[in-house]
Amino acid sequence: MALGVITGSGTYSLPGFDGGPPEPVDTEWGEALVSRGRFAGVDVLHVSRHGEGHVRLSNHVTHRANIAALRQLGAAGAISVTVCGAVDPEVQLGSLVCFDDLHFLANRLADGSLCTFYDRAGDVRRGHWIYEDPYSPALRAALLEGARAAGVTVRDGGCYGHVDGPRFNTKAEIRGLAAAGVTAVSQTAGPETVLAGEAQLPFALVGYATDYANGVQSEPTPFATLLELIAASTETFARVLAAAVPRVEESALAPAGVVYRFHDE
């Protein structure tokens, strides 16, 4: 089994990963950079969303190429990690949220195009992704068990809110997201969730709270605290992933929902 691991801000290389440097993978949607190797005894395909030095801001991430590359390379599933801003004031900074729901009403990529692989009429692969829960129960279970084994506080369930970057959100915007039940926000994992669903790639998402979103607390999270927690997330994610990845049972993996197609592939 090869498992995809997507990392973001603060985790540009995966601590404990034994493999080669990022290599280009050509896809229908452009080039993706993927590192192939072993992590915690499992074959892993690692994608660093932003790249070393954070060369790509959230609006530069090539989501379609990244997910397509993992599928092309035979990933049985993918785990994605993100640092995030807490919208729910009960979320402790430095803790994890293993998400089970998604708020991504815009459903658009950074260039304004719709977030889908199905952008051409008549494509035999076209279809509607239909689901009740967008995240893989088997991958979520492995992440929850891994976090507990690593001694990291984790919340079982929560709504991930995708927001457009690269700016952070206003107080009014965060109030609207809170009213919709969003637990935490970041700027990259909405497209990953949707595209993995369309690709029928089992997918899970875990977030590390680095700050409280605008207006959640009476005083804003100090910028120094945000930077400290982003740096601390690297080691936390590495420990949790190292405990979670070996717990993934390939036989239990299944796509979230179904893709209703109009033509047999």
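## Side note on the overall build of the chain
In terms of regular secondary structure, the chain is built from five helices and 14 strands. In terms of overall size, the chain behaves like a compact globule, its C-alpha atoms giving a radius of gyration of 17 Å where 265 residues would be expected to give roughly 18 Å. For the chain, the spread of C-alpha atoms along the three principal axes comes to 55 × 40 × 35 Å. Considering only contacts within the chain whose residues lie at least 6 apart along the sequence, 81% involve residues at least 24 apart. Of the charged side chains in the chain, 19 are positive and 30 negative, and the gap between their average positions amounts to 2 Å.

## So, the state of the cysteines
As enumerated under the stated definition, the model contains zero disulfides in all. Distance from the sulfur of Cys 84, which forms no disulfide, to the nearest cysteine sulfur (Cys 98) is 12 Å. Among the residues examined, Cys 84 registers a relative accessible area of 4% and is labelled buried. Cys 115 forms no disulfide, and the closest cysteine sulfur to it belongs to Cys 159, at a distance of 16 Å. Its relative accessible area of 0% is what places Cys 115 among the buried residues.

## Overview of helix α1 (residues 63-72)
Within α1, eight of the ten residues are buried, leaving the element largely enclosed by the surrounding structure. Note on α1: the residue one or two positions beyond its end, Gly 74, has a positive phi of about 90 degrees.

## Some remarks on the side chain of His 63
By secondary structure assignment, the location of His 63 is in helix α1. For His 63, a relative accessible area of 6% puts it in the buried group. Ignoring sequence-local partners within four residues, the contact set of His 63 consists of Leu 109, Thr 188, Pro 191, Glu 192 and Leu 195.

## Quick word on the side chain of Ser 95
Residue position: Ser 95 is located in the loop between β6 (75-86) and β7 (96-98). Classification of Ser 95 as buried rests on a relative accessible area of 6%. Contacts of Ser 95, omitting those with residues within four sequence positions, involve Thr 153, Gly 207, Tyr 208 and Ala 209.

## With respect to unusual backbone geometry
Residue Pro 166 is reached from Gly 165 by a cis peptide bond, and omega for that bond is 5 degrees. Here Pro 166 lies in the loop between β11 (159-162) and α3 (171-179). In this structure, Asn 107 is a non-glycine residue whose phi angle is positive, near 50 degrees. Here Asn 107 shows up in the loop between β8 (101-103) and β9 (127-130). Positive phi is not limited to glycine here, since Gln 200 has a value of about 55 degrees. Among the residues examined, Gln 200 registers a relative accessible area of 28% and is labelled partly exposed.

Calculation notes
- Residues numbered from 1 in each chain as written.
- Predicted model: local features only at pLDDT ≥ 70, side-chain atom pairs only at ≥ 80, totals over all residues.
- Heavy atoms only, no water.
- Helix = DSSP H or I, 4+ residues; strand = E, 2+ residues; numbered from the N terminus.
- Rg over C-alpha atoms; globule rule 2.2 N^0.38 Å.
- Contact = heavy atoms within 4.5 Å.
- Lys, Arg positive; Asp, Glu negative; His and termini not counted.
- Charge placed at Lys NZ, Arg CZ, Asp CG, Glu CD.
- Disulfide = S-S within 2.5 Å.
- Buried < 20%, exposed > 50% of the residue type's maximum accessible area, 1.4 Å probe, protein only.

Just geometry here; none of it tells us what the structure is for.
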